[in-house]
Amino acid sequence: MAAVGEYALARLDPYAYHASCIAKGVRADARDLDATRKLYIDTGVVPGSDGSASVGLGTSRAVAVVTVSTAAFIEGYRTQHSIDVHVSLPDSQKGPGKTSPVALYAAQVARKCLARCADVAFPAPVASKMVWHADIDVRFVSFDGAAVDITLIAAQAALRATALPHVELGPDGEVSRSAELASERIATGTLLAPLSCALVGNAILPDPTQDEEVRFTSPRGLVRSICTKWYR
């Protein structure tokens, strides 16, 4: 009967159900209050791509694919080489024809972190009139919270697995890929370890599920993302 009562409480008042679990020192998915879900990382999962990685965190899974291109050097720009990040969630997490605010925020955070904190270093280009650009497409196959964490981890893993293509400078000054196999790597000197937390009363829940993020977002709680630098 107790199990039936908990099931009814979870359906009728999810916030009260989560709060009752936390009061017992556990979370709704049976984790300890300070426990994170298992993290899985695999690289080179998309054949034919410049770089790719698959990341799993609990029941969430995302695949990141890096596409490297070249662009013309523009005199006076503070940063020549560039990285862009795009994130998409499963269709069940967004309305028809809409982009999820969660995906937009995760992409924005990852883009800023990689640009400002990750010490990403591209090898010297084939000519002074060429710069590198890396597009990172992060697609969630399944989603259960911690979008920022998974996006940043997947983007870094895919970048570290990226082989820059050989390029040639034509007589007209145009840069194009050559038929040679890619070999040079993008260097990432600083690894960023993100951790999202849900604040519930006096309890801080690391690595929240989507349900915990929804139930404990303001005014009843707060979700924050923390990035810590880990130097190799």
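Here, every reference points to the structure presented above.
Owing to the predicted nature of the structure, the values given are computational and were not obtained by experimental measurement.

Here the focus is the overall build of the protein chain. Secondary structure summary: the protein chain contains five helices and 14 strands in total. The buried share among the 232 residues of the protein chain stands at 39%. For the protein chain, the proportion of contacts with a sequence separation of at least 24, taken over those separated by at least 6, is 67%. Here the protein chain has roughly 13000 Å² of accessible surface; of this, 56% comes from carbon and sulfur atoms.

As enumerated under the stated definition, the model contains eight salt bridges in all. Its salt-bridge partner being arginine 139, residue aspartate 137 comes within 2.9 Å of it at the nearest N-O pair.

Attention shifts here to the side chain of arginine 27. Along the polypeptide, arginine 27 turns up in the loop between α2 (14-23) and β1 (39-43). Overall, the relative accessible area of 2% leaves arginine 27 in the buried class. In terms of polar contacts, arginine 27 uses its side chain to reach the backbone carbonyl oxygen of alanine 35, at 3.1 Å. Here proline 206 takes part through its backbone oxygen, which lies 2.9 Å from a polar atom of the side chain of arginine 27.

As a further point, take the side chain of serine 54. Considering the arrangement of structural elements, one finds serine 54 in strand β2 (residues 51-57). Separated by 3.3 Å, the side chains of serine 54 and arginine 61 make a polar contact. Dropping the residues within four chain positions of it, serine 54 is found in contact with Tyr40, Ile41, Asp42, Val45, Arg61, Ala62 and Val63.

This part takes up the packing of aromatic side chains. Each aromatic ring pair is characterised by the separation of its centres together with the angle its planes make. Inspection of every chain in the model, using the stated rule, returns one aromatic pair. Plain terms: the ring middles of phenylalanine 140 and phenylalanine 143 are 5.4 Å apart, the flat faces sit at 90° to each other, and that makes the pair edge-to-face. Owing to a relative accessible area of 5%, phenylalanine 140 belongs among the buried residues under this scheme. Owing to a relative accessible area of 11%, phenylalanine 143 belongs among the buried residues under this scheme.

We now examine unusual backbone geometry. Backbone geometry at alanine 146 places phi at a positive 60°, although glycine is not the residue there. By secondary structure assignment, the location of alanine 146 is in the loop between β6 (130-142) and α4 (147-160). For alanine 146, a relative accessible area of 0% corresponds to the buried category. You will see that aspartate 207, though not glycine, has its phi angle at about 50°, which is positive. Along the chain, the position of aspartate 207 falls in the loop between β13 (203-206) and α5 (210-215).

A separate point is helix α3 (residues 101-116). Between its first and last C-alpha, α3 extends 22 Å over 16 residues, near the 22 Å set by a 1.5 Å rise per residue. Residues Ala103, Ala106, Ala107, Val109, Ala110, Cys113 and Leu114 constitute the buried set of α3. All buried residues of α3 project into a common sector of 165° when viewed along the axis, lining one side. Away from its buried face, by an angle of more than 90 degrees, α3 presents the exposed residues Pro101, Leu104, Ala115 and Arg116.

Time to look at the environment of valine 45. Residue position: valine 45 is located in the loop between β1 and β2. Using a relative accessible area of 30% as the deciding quantity, one classes valine 45 as partly exposed. Sequence separation between valine 45 and valine 65 is 20 residues, and the spatial gap between their C-alpha atoms is 8.9 Å.

What follows deals with the nonpolar core. In terms of nonpolar packing, the biggest core is built from 38 residues, with Val85, Val87, Leu114, Ile136, Val138, Phe140 and Leu159 touching the most fellow members. Of all the elements in the fold, those that place two or more residues in this core are β2, β3 (60-72), β4 (82-88), α3, β6 and α4. It is α4 that provides the largest number of residues to this core, a total of ten residues. Residues within four places of valine 138 in sequence aside, it is in contact with Ala62, Val63, Ala64, Val85, His86, Val87, Ser88 and Thr151.

What counts, and where the lines are drawn
Residues numbered from 1 in each chain as written. Predicted model: local features only at pLDDT ≥ 70, side-chain atom pairs only at ≥ 80, totals over all residues. Heavy atoms only, no water. Helix = DSSP H or I, 4+ residues; strand = E, 2+ residues; numbered from the N terminus. Buried < 20%, exposed > 50% of the residue type's maximum accessible area, 1.4 Å probe, protein only. Contact = heavy atoms within 4.5 Å. Areas by Shrake-Rupley, 256 points an atom, 1.4 Å probe, with all protein chains shown as cover. Salt bridge = Lys/Arg side-chain N within 4 Å of Asp/Glu carboxyl O. Polar contact = N/O pair within 3.5 Å; in protein donor to acceptor, adjacent residues only side chain to side chain. Phe/Tyr/Trp six-rings, centres within 6.5 Å; stacked < 30°, edge-to-face > 60°. Expected span 1.5 Å × (residues − 1). Arc of directions from axis to C-beta. Core = buried A, V, L, I, M, F, W, Y, C linked by side-chain atoms within 4.5 Å.

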